[in-house]
Number of protein chains: 2
Amino acid sequence: MLPIREMAAWSAASYFPPVAQKQAAINKQRVVAKPYAGYFSLDMEIPTSAARALQHGPMKAEEALTPSEADLNRLISEDYHTPDQGYAVLEGLTTYVQSRVVMPGVTTEVFRWWFTWHPLEHERYTLWFPHAHIANSVADPSRLADTSLTYEERLYGNPNRVRELVGSNELDINIRFMAPEELGFDPKRLAAAGFTASASGLVGHGDHPDAVMSMMVHLARDTNAGLELISRYWIGGHPALRRFPGSEHTLDGLKAAGFNEAIVLGAAYELALHDTLEFNHLAKILPLLHARFA
Amino acid sequence: MLPIREMAAWSAASYFPPVAQKQAAINKQRVVAKPYAGYFSLDMEIPTSAARALQHGPMKAEEALTPSEADLNRLISEDYHTPDQGYAVLEGLTTYVQSRVVMPGVTTEVFRWWFTWHPLEHERYTLWFPHAHIANSVADPSRLADTSLTYEERLYGNPNRVRELVGSNELDINIRFMAPEELGFDPKRLAAAGFTASASGLVGHGDHPDAVMSMMVHLARDTNAGLELISRYWIGGHPALRRFPGSEHTLDGLKAAGFNEAIVLGAAYELALHDTLEFNHLAKILPLLHARFA
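What you see is a predicted model; the values in this text were computed from it and never measured.

Undergrad: How should I be thinking about the overall build of chain A in this particular structure?
TA: A tally of helices and strands in chain A yields 11 helices and 11 strands. Here the C-alpha atoms of chain A give a radius of gyration of 18 Å, agreeing with the 19 Å that 2.2 N^0.38 yields for 294 residues. By principal-axis analysis of the C-alpha atoms, chain A measures approximately 60 × 45 × 40 Å. Out of the 294 residues in chain A, the part that is buried amounts to 57%. Considering only intrachain contacts with a sequence separation of at least 6, the fraction spanning at least 24 residues in chain A is 70%. Just so you have it, chain A exposes about 12,000 Å², and 54% of that area is on carbon and sulfur atoms.

Put into structure tokens, the structure is as follows:
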């Protein structure tokens, strides 16, 4: 029988498609003159356990959560248990990704700082995922930068326009961050579960910002080990997304564009890896960036 | 500035496309009843240095070798130095990959045993790369198994019909292993450089076995650290491949199939990763397989 090689807790990311390798080289040049250039690193690592968790096929759809209000609140309930990483194809040609990342040295305050600091310069956004992030800007930069306002006042209703690679595909999306209760979370349950920060919202296309292509959930709470970040993505025409105006044409659009189960499965896997890479990388750089630039 | 995370020498492979994850599950079932089932492992690792070597874009074409006779002999000359891993796009829409892997505990004898043992059962081939290898068979199995013959008599002129995934693409190819001198190597120089084993040849399509789609070189020699394996792949319509009958239509075929530089670049990167994964994995299992089944 095979001996098991003792593996370290962290592994180098072993795959970046050529278009991402090219973007990394471009981004490296873009940040050179920035004061945060020293925090731009192409050495991305993920937990070995996370790498392996995503190698054994998709989750069964019935083990995934839907974007229904009931399932959102199940996500934050104490008796909900699920693997940290997973991906699946749900009905309505829906890409589903789940993840949980603990970020040592990161707090609610640091998390909030990141989401109000990085969208003010495209190059800051590249620090987060140097191979994949191209540009991020915000509708009202001065509001985002206004420290006299709360995090929620700065971020909500102030959409992010994001260009990034997921796998080899370049996305141009509009993220409308909003209060979790607008998505269907019960604020009392959120508070009871200790969630203190959110970067959640509805996502449309860059050129059709009010279309609802997907819902994205990033909920965070402080723990002794660092910030615990719980993420979920639903991209597609899931029936439970129909409660949001702007979702009416999503499924037809996917069908017209030739999407099928195999394509959605590939997209789900690529997004799961993307999420794992970007949040583990952010965990590495964020405490240092905050200490230097906050 | 960022502290550098001290990385272990080995990293878990972090990317297997969904079709490969599915193949891995199928292959796992196929080997269950085989005596070598215990050597089937989905935990694939590559040297951290190899993972990172392939993340910074392709080599310049002028730094790669061509499949010319002159460059083949340059490959085995003492004063030729090049990175262990690399990929590039060469003229004629040619995919180019180079690699060097040292396999501790593997010798010339073990290497030869592998290439005469594994093609006798499809399932043995899956041990080598459980996510990507589907089937391998040989034109004349009894000749391949005949231990009264030399390695060369068993393997040469006895083509392998291989089905495997490279990235997400399933290939159906016919490998004609042949003496290195038939490819253009100078046998005196090979001997002087200490190369004692080869699994090199010309590759056609499964249904067009005599077409020359590519040349593949695997040359090996014993070192104190284990078997040193030097590999090169040229897939496409490179002018220097035109010396081989059967190469006449390769370039036109690639153009007719819509191949372009970007596609070839992607193919080269996928093949480079595939090679790194499969030979590092083979290095792990081969000494144990040989000890048990030779």
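Alright, that's what it looks like, and here's the rest.
Undergrad: Would you mind going over the relation of the copies chain B and chain A with me for this structure?
TA: Comparison of the two chain copies shows a relationship of rotation about an axis with a shift along it. For the pair chain B and chain A, the best superposition has an RMSD of 0.0 Å and corresponds to a rotation of 180° with a translation of 0.0 Å parallel to the axis. Such values leave the two copies arranged in the relation of a two-fold axis. Distance from the rotation axis, computed per C-alpha, reaches its smallest value in chain B at Ser11 of chain B: 2.2 Å. Both copies present the same face, since 100% of the interface residues in chain B are matched by interface residues at the equivalent positions in chain A.

Undergrad: Would you mind showing me how to read the side chain of Thr116 of chain A here?
TA: Here Thr116 of chain A shows up in helix 4 (residues 108-117). There is a polar contact of 2.9 Å between the side chain of Thr116 of chain A and the backbone oxygen of Arg112 of chain A.

Undergrad: Would you take a moment to explain the nonpolar core for this structure?
TA: Most often, soluble globular proteins keep nonpolar side chains buried together rather than apart. Ranked by size, the top nonpolar core spans 108 residues in total, and within it Trp114, Phe115 and Leu289 of chain A together with Trp114, Phe115 and Leu289 of chain B carry the most contacts. Once you skip the residues sitting within four places of it in the chain, Trp114 of chain A turns out to touch Pro119, Arg124, Trp128, Leu282, Leu286 and Leu289 of chain A.

Undergrad: Quick question: what am I supposed to make of the pairing of strand 7 (residues 169-177) of chain A here?
TA: On any regular strand, side chains alternate: one points to one face of the sheet, the next to the other face. All names here are of chain A. Bridge count between strand 6 (residues 160-166) and strand 7: 7 bridges; the pairing is antiparallel. Of the residues in strand 7, the one forming a bridge with Glu164 is Leu171. The loop that links strand 6 with its antiparallel partner strand 7 comprises 2 residues; one of these, Gly167, has a positive phi angle of about 65°. Pairing analysis gives 5 bridges linking strand 7 to strand 9 (residues 201-205), with the strands arranged antiparallel. Pairing of Asn174 across the sheet is with Gly204, part of strand 9.

Undergrad: Can you walk me through the packing of helix 4 of chain A against helix 11 (residues 261-293) of chain A in this structure?
TA: Packed helices, taken two at a time, are described by the angle between their axes plus the distance between the axes. Residue and element names in this part refer to chain A. Running from N to C, helix 4 and helix 11 point in directions that differ by 85°, and their axes come no closer than 10 Å. Between helix 4 and helix 11, the angle is such that the two are roughly perpendicular. Counting all contacts with helix 4, which are made through Glu109, Val110, Trp113, Trp114 and Trp117, the residues of helix 11 involved are Leu282, Leu286, Leu289, His290 and Phe293. Each residue belonging to the contact of helix 4 with helix 11 can be placed in one class, and the counts come to 8 nonpolar, 1 polar and 1 charged.

Undergrad: Help me out: how do you make sense of the interface of chain B and chain A in this one?
TA: Across the contact, 40 residues belong to chain B and 40 residues belong to chain A. If you look at where chain B meets chain A, you find 4 salt bridges. Measuring nitrogen to oxygen at the nearest pair gives 3.5 Å for the salt bridge that ties Asp43 of chain A to Arg52 of chain B. Linking chain B to chain A there are 19 residue pairs in polar contact (both at pLDDT 80 or more). Listed by contribution, the elements that provide at least two residues to the side of chain B that touches chain A are strand 1 (10-12), helix 1 (18-31), strand 2 (45-47), helix 2 (48-53) and helix 11 (261-293) of chain B. No other element matches the 8 residues that helix 11 of chain B contributes to the side of chain B that touches chain A.

Undergrad: Explanation requested: the pattern of salt bridges in the structure shown.
TA: Close approach of charged atoms allows side chains with opposite charge to pair. Under the counting rule described, the total for this entry stands at 30 salt bridges over all chains. Where Glu170 of chain A meets Arg163 of chain A, a salt bridge forms, and the shortest distance between an N and an O atom there is 2.9 Å. Given a relative accessible area of 46%, Glu170 of chain A falls into the partly exposed group. Assessed through its relative accessible area of 35%, Arg163 of chain A is described here as partly exposed. When salt bridges with common partners are traced through the structure, they connect Asp43, Glu45 and Lys284 of chain A together with Arg52 of chain B into a single cluster.

Undergrad: Got a minute to help me understand the environment of Asp43 of chain B in this structure?
TA: By the secondary structure assignment, Asp43 of chain B is in the loop between helix 1 and strand 2. For Asp43 of chain B, a relative accessible area of 25% gives the class partly exposed. Residues Asp43 of chain B and Ala13 of chain B lie 30 residues apart in sequence; the distance between their C-alpha atoms is 8.0 Å. Discounting residues that sit within four places of it in the chain, Asp43 of chain B has contacts with Arg52 of chain A together with His281 and Lys284 of chain B.

Undergrad: Can you help me understand helix 1 (residues 18-31) of chain A in this one?
TA: Because each turn of an α-helix spans 3.6 residues, side chains separated by three or four positions in sequence point in the same direction. Here helix 1 of chain A spans 20 Å end to end across 14 residues, near enough to the 20 Å set by a 1.5 Å rise per residue. Every buried residue of helix 1 of chain A is listed here: Pro18, Ala20, Gln21, Gln23, Ala24, Asn27 and Val31 of chain A. Tucked into the core, helix 1 of chain A has its buried residues touching helix 5 (122-128), strand 5 (133-138) and strand 6 of chain A together with strand 3 (86-90) and helix 11 of chain B.

Undergrad: I keep staring at the packing of aromatic side chains and nothing clicks. Help me out?
TA: The description of an aromatic ring pair uses the distance of the two centres, along with the angle that the planes make with each other. All told, the structure shown has 37 aromatic pairs over all chains when counted by the stated rule. Arranged with centres 5.3 Å apart and planes meeting at 55°, the rings of Tyr87 of chain A and Tyr269 of chain A form a pair that is tilted. Taken together, the positions of Tyr87 of chain A in strand 3 (residues 86-90) and Tyr269 of chain A in helix 11 put the pair 182 residues apart, joining distant regions of the chain. Pair check on accessibility: Tyr87 of chain A and Tyr269 of chain A agree, each one buried. Between Phe111 of chain B and Phe115 of chain B, the aromatic rings sit 4.9 Å apart at their centres with planes inclined by 55°, giving tilted as the arrangement.

Undergrad: Would you mind showing me how to read unusual backbone geometry here?
TA: Excluding glycine, a negative phi dihedral is what most residues carry, and trans is how most peptide bonds are arranged. For Leu93 of chain A, which is not a glycine, the phi torsion comes out positive at approximately 50°. As for its placement among the helices and strands, Leu93 of chain A is situated in the loop between strand 3 and strand 4 (94-103).

Undergrad: Got a minute to help me understand the pairing of strand 5 of chain A in this structure?
TA: Residues and elements named next belong to chain A. Of all 6 residues in strand 5, 5 are buried; the element is thus mostly enclosed. When strand 5 meets strand 6, the two strands line up antiparallel, connected through 5 bridges. Within the sheet, the bridge partner assigned to Val138 lies in strand 6 and is Asn160.

Conventions adopted
Residues numbered from 1 in each chain as written. Chains lettered and ligands numbered in written order. Predicted model: local features only at pLDDT ≥ 70, side-chain atom pairs only at ≥ 80, totals over all residues. Heavy atoms only, no water. Helix = DSSP H or I, 4+ residues; strand = E, 2+ residues; numbered from the N terminus. Rg over C-alpha atoms; globule rule 2.2 N^0.38 Å. Buried < 20%, exposed > 50% of the residue type's maximum accessible area, 1.4 Å probe, protein only. Contact = heavy atoms within 4.5 Å. Areas by Shrake-Rupley, 256 points an atom, 1.4 Å probe, with all protein chains shown as cover. Least-squares fit on C-alpha atoms with pLDDT ≥ 70 in both. Polar contact = N/O pair within 3.5 Å; in protein donor to acceptor, adjacent residues only side chain to side chain. Core = buried A, V, L, I, M, F, W, Y, C linked by side-chain atoms within 4.5 Å. Pairing = 2+ DSSP bridges. Axes fitted to C-alpha atoms, helices over the stretch in contact; angles between N-to-C directions. Parallel < 35°, antiparallel > 145°, perpendicular 65-115°, else oblique. Nonpolar A, V, L, I, M, F, W, Y, C, P; charged D, E, K, R; others polar. Salt bridge = Lys/Arg side-chain N within 4 Å of Asp/Glu carboxyl O. Expected span 1.5 Å × (residues − 1). Phe/Tyr/Trp six-rings, centres within 6.5 Å; stacked < 30°, edge-to-face > 60°.

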